[in-house]
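What follows is each chain in one-letter form.
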Amino acid sequence: MIIAANFKMHLTPRKLATFAATLRESLDSRLQILLFPNTACLANLPQCPVRWGAQNAYPAQNGAFSGEIGAEVLESLAIQTLLVGHSERRALGESQDFCAQKCRFYAELGFTLVYCIGEPHDVRARGRESVRAFLDAQLQDIPLDYPNLIIAYEPIWAIGTQAAGMEQIEQTHADIRALCAERGATPPLLYGGSVKPNNARAILSLSNVNGVLVGSAALVVSDFVQIMQAGLQAL
Ligand code: 13P
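The written sequence of each chain sets the order in which its residues are numbered from 1. At least 70 in pLDDT is required for a residue's local features to be given in this predicted model, at least 80 for side-chain atom pairs to be given and counted, and no such filter applies to totals for whole chains, interfaces and linings, which use all residues. With hydrogens and water set aside, each side-chain value is computed from the structure's full complement of heavy atoms.

## Notes on the overall build of the protein
Here's step 1: For helices the rule is a DSSP run of H or I covering at least 4 residues; for strands it is a run of E covering at least 2, with both sets numbered from the N terminus onward. Helix and strand content of the protein: nine helices and eight strands.
Here's step 2: Computation of the radius of gyration draws on C-alpha atoms alone. For the globule rule, the value is 2.2 Å times the number of residues to the power 0.38. Here the C-alpha radius of gyration of the protein, 17 Å, is about what a compact globule of 235 residues would show, namely 18 Å.
Here's step 3: Across its three principal axes, the protein shows a C-alpha extent of roughly 45 × 40 × 30 Å.
Here's step 4: Evaluated residue by residue, the protein yields a buried proportion of 51% over its 235 residues.
Here's step 5: We call two residues contacting when some pair of their heavy atoms lies within 4.5 Å. Sequence separation of at least 24 residues holds for 71% of the intrachain contacts in the protein that already meet a minimum separation of 6.
Here's step 6: What sets the accessible areas is the Shrake-Rupley method with a 1.4 Å probe; for residues, cover comes only from the shown protein chains. Accessible area for the protein stands at about 10,500 Å²; split by element, carbon and sulfur atoms hold 50% of it.
Here's step 7: Computed over 18 positive and 21 negative side-chain charges, the inter-centroid distance for the protein is 6 Å. Three exposure classes are used, based on accessible area relative to the maximum for each residue type with a 1.4 Å probe and protein chains only: buried under 20%, partly exposed in between, and exposed over 50%. His is not counted, nor are the chain ends; Lys and Arg add positive charge and Asp and Glu add negative charge. Just so you know, the charge point we use is NZ for Lys, CZ for Arg, CG for Asp and CD for Glu.

## Here we look at helix 7 (residues 166-182)
Here's step 1: Take the number of residues in a helix, subtract one, and multiply by 1.5 Å to get its expected span. Taking 1.5 Å as the rise per residue, helix 7 with 17 residues should run 24 Å; its terminal C-alpha atoms sit 24 Å apart, in good agreement.
Here's step 2: Taken together, the buried positions of helix 7 are Ile169, Thr172, His173, Asp175, Ile176, Arg177, Leu179 and Cys180.
Here's step 3: Where helix 7 is buried, its residues contact strand 5 (112-117), helix 5 (121-125), helix 6 (128-138), strand 6 (149-153), strand 7 (189-192) and helix 8 (200-204).
Here's step 4: Once helix 7 finishes, Gly184 follows within two positions and takes phi at roughly 75 degrees, a positive value.

## Topic: the site of the ligand
Here's step 1: The ligand sits among Asn6, Lys8, His86, Glu154, Ala158, Ile159, Gly160, Gly193, Ser194, Leu213, Gly215 and Ser216.
Here's step 2: Measuring from an oxygen atom of the ligand, one finds a side-chain N or O atom of Asn6 at 3.1 Å.
Here's step 3: Within the side chain of Lys8, one N or O atom sits 2.8 Å away from an oxygen atom of the ligand.
Here's step 4: Along the lines of polarity and charge, the residues of the shell around the ligand split into three nonpolar, seven polar and two charged. We call a residue near a molecule or strand as soon as one heavy atom of that residue lies within 4 Å of the molecule or strand. We define a polar contact as two N or O atoms separated by no more than 3.5 Å, with the added condition that, inside protein, one atom must be a possible hydrogen donor and the other a possible acceptor, whereas residues neighbouring each other in sequence contribute only through side-chain atom pairs. Here the nonpolar group is Ala, Val, Leu, Ile, Met, Phe, Trp, Tyr, Cys and Pro; Asp, Glu, Lys and Arg are the charged ones; every other residue, Gly included, is treated as polar.

## Some thoughts on the side chain of Gln55
Here's step 1: With respect to the secondary-structure elements, Gln55 resides in the loop between strand 3 (51-52) and helix 2 (71-76).
Here's step 2: For Gln55, a relative accessible area of 18% gives the class buried.
Here's step 3: Among the polar contacts listed, one links the side chain of Gln55 to the backbone oxygen of Phe36, at a separation of 3.1 Å.
Here's step 4: Residues within four places of Gln55 in sequence aside, it is in contact with Asn6, Phe7, Lys8, Phe36, Pro37, Asn38, Leu83 and Arg89.

## A closer look at the pattern of salt bridges
Pairs may arise between side chains of opposite charge once their charged atoms sit close together.
Here's step 1: Any carboxyl oxygen of Asp or Glu within 4 Å of a side-chain nitrogen of Lys or Arg constitutes a salt bridge here. Applying the stated criterion across every chain, the model contains nine salt bridges.
Here's step 2: Put simply, Glu94 and Arg89 hold a salt bridge, and the shortest N to O gap is 2.7 Å.
Here's step 3: Taking the shortest distance from any N to any O, the salt bridge between Glu94 and Lys102 comes out at 3.0 Å. Each member of the pair, Glu94 as well as Lys102, carries the same accessibility label: buried.
Here's step 4: Because the salt bridges share partners, they merge into one network encompassing Arg89, Glu94 and Lys102.

Here it is in structure tokens:
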């Protein structure tokens, strides 16, 4: 069971250290914890035996790409995990081709990749087939059979609002599972989008849900720990 947190622009290094000090007390070997703090924190991570990852990276070792971070710096910080394709980065202009290029580049280096997919509200409003076709396109050229690839399904309309319905999550995860199987792959599937302590157990009990990617509820360590406990109950 994978419990991941994307802190986005939140949590200063000092706040992250406080978070980690509490989290350390609640770790359980049955859970795989992945944490994505903001880039500034990566250079001075607190002692906490979880998998730390970057929210973004450029597909090059180094070079003239202002504002980006590359593989050379990440590896020098022992970071080997990367979030790719988050809707907030796609909204900034990252194309499907660019997301695929990032996945391929970092897969070559052996990174663990959490690749995010998810449809906007208007696609969801057109029904299950439209959603399936949209997600299918987001799986194009992604190395789905790469053993260190995790897929996070995050419907854009459910981020920072209200989680998708249980039936929607179950159906969509079944569709993603089938789309991956058509390509000979069975990556773990996470759900993300308003996961909270009060819905985590139900979500984590659904078939084809292998974990969650948590945003705002991860900012309060006691809430994140409750989500971890929900994960243990759902095992
Ligand atoms: P929320 O949990 O705040 O909806 O954010 C989800 C998310 O975008 C995680 O990547």
